[in-house]
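# Close look at the chain arrangement
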Amino acid sequence: MRREGTNSQSVEMTDVLCDYCHTAWTLDRPMIEGHQGACICGSCLRIAYCSVKLSAQNDAAAGEPSKCVMCLEERTDACFRSPAFSDALICERCIVMAAKALARDPESNWTLPTDEAST
Ligand SMILES: [Zn+2]
Ligand SMILES: [Zn+2]
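Cut-offs applied
- Residues numbered from 1 in each chain as written.
- Chains lettered and ligands numbered in written order.
- Predicted model: local features only at pLDDT ≥ 70, side-chain atom pairs only at ≥ 80, totals over all residues.
- Heavy atoms only, no water.
- Helix = DSSP H or I, 4+ residues; strand = E, 2+ residues; numbered from the N terminus.
- Rg over C-alpha atoms; globule rule 2.2 N^0.38 Å.
- Buried < 20%, exposed > 50% of the residue type's maximum accessible area, 1.4 Å probe, protein only.
- Contact = heavy atoms within 4.5 Å.
- Areas by Shrake-Rupley, 256 points an atom, 1.4 Å probe, with all protein chains shown as cover.
- Lys, Arg positive; Asp, Glu negative; His and termini not counted.
- Charge placed at Lys NZ, Arg CZ, Asp CG, Glu CD.
- 1 Å grid on protein atoms, 1.4 Å probe; cavity = no way out; pocket = protein on both sides within 12 Å on 5 of 7 lines; lining within 4 Å.
- Points joined across faces, edges and corners; volume = space filled by probe spheres on them.
- Nonpolar A, V, L, I, M, F, W, Y, C, P; charged D, E, K, R; others polar.
- Donors = N, O, S within 2.8 Å, 3.2 Å for Na, K, Ca; no water.
- Tetrahedral: all angles 85-135°; square planar, octahedral: opposite > 155°, others 65-115°.

### Comments concerning the overall build of the chain
Per the secondary structure count, the chain includes three helices and six strands. The linear arrangement of helices and strands in the chain, starting from the amino end, is β-β-α-β-β-β-β-α-α. Expected size for 119 residues packed as a compact globule is a radius of gyration near 14 Å; at 14 Å, the chain falls within 12% of this value. Each of the three principal axes of the chain carries a C-alpha extent, and together these read 40 × 30 × 20 Å. Sorting the 119 residues of the chain into buried and exposed places 39% on the buried side. Sequence-distant contacts in the chain: of pairs separated by 6 or more residues, those separated by 24 or more amount to 39%. As displayed, the chain offers around 7,000 Å² of accessible surface, 49% of which is attributable to carbon and sulfur atoms. Computed over 11 positive and 17 negative side-chain charges, the inter-centroid distance for the chain is 3 Å.

Below, the structure written as structure tokens:
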């Protein structure tokens, strides 16, 4: 998301906030952008990946499709819900895509979480 009052003609790094923890983008905090300026930072993505992919958690409300903030689709696959901002959901597909993109970027310094790291 963009910080309130951001000048859309000149968006600074500090204007870009993670939708899941509302922390600003910095050089040591990589961000992955979804649709409509939605973003997830490396640390939220790590938590989401560990929760959904490694621990098979699903924060979606039972029986209801959940709207993913990143792809803006109503998804029925497993979702991670931000503990701080309850309308910030990310679907498993977006978690996997974002994790692969970050892991591939050598500048992000981000590696795919493994089972050992989560325990
Ligand atoms: Zn975050
Ligand atoms: Zn999604």
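### With respect to the layout of surface pockets
The calculated volume of the largest pocket comes to roughly 170 Å³. Around the largest pocket, the lining residues are Met13, Trp25, Thr26, Leu27, Pro30, Met31, Ile32, Ala101, Leu102, Asp105, Glu107 and Ser108. Of all the secondary structure elements, the ones that give two or more residues to the lining of the largest pocket are strand S1 (31-33) and helix H2 (92-104). When the residues that make up the lining of the largest pocket are grouped by side-chain class, the tally is eight nonpolar, two polar and two charged.

### Description of the coordination of the zinc ion (ligand 1)
Ligation of the zinc ion (ligand 1) by protein atoms is provided by Cys18 (SG), Cys21 (SG), Cys41 (SG) and Cys44 (SG), these donors lying 2.2 to 2.3 Å from the ion. For the zinc ion (ligand 1), the four donor atoms are set out with angles of 103 to 114 degrees between them, so the coordination reads as tetrahedral. All donors of the zinc ion (ligand 1) come from a single chain, and their spacing in sequence reads C-x2-C-x19-C-x2-C. Placement of the pair is Cys18 in the segment before S1 and Cys41 in strand S2 (residues 39-41), with a sequence separation of 23 residues. Overall, the relative accessible area of 0% leaves Cys41 in the buried class.

### Quick word on the coordination of the zinc ion (ligand 2)
At this site the zinc ion (ligand 2) is bound by Cys68 (SG), Cys71 (SG), Cys91 (SG) and Cys94 (SG), with donor distances of 2.2 to 2.3 Å. Between the four donor atoms coordinating the zinc ion (ligand 2), the angles at the centre fall across 103 to 118 degrees, so the site counts as tetrahedral. Within one chain, the residues serving as donors to the zinc ion (ligand 2) are arranged as C-x2-C-x19-C-x2-C. You can see Cys71 sitting in the loop between strand S3 (66-67) and strand S4 (74-75) and its partner Cys94 sitting in helix H2, a full 23 residues away along the chain. As far as burial versus exposure is concerned, Cys71 and Cys94 are alike and both buried.

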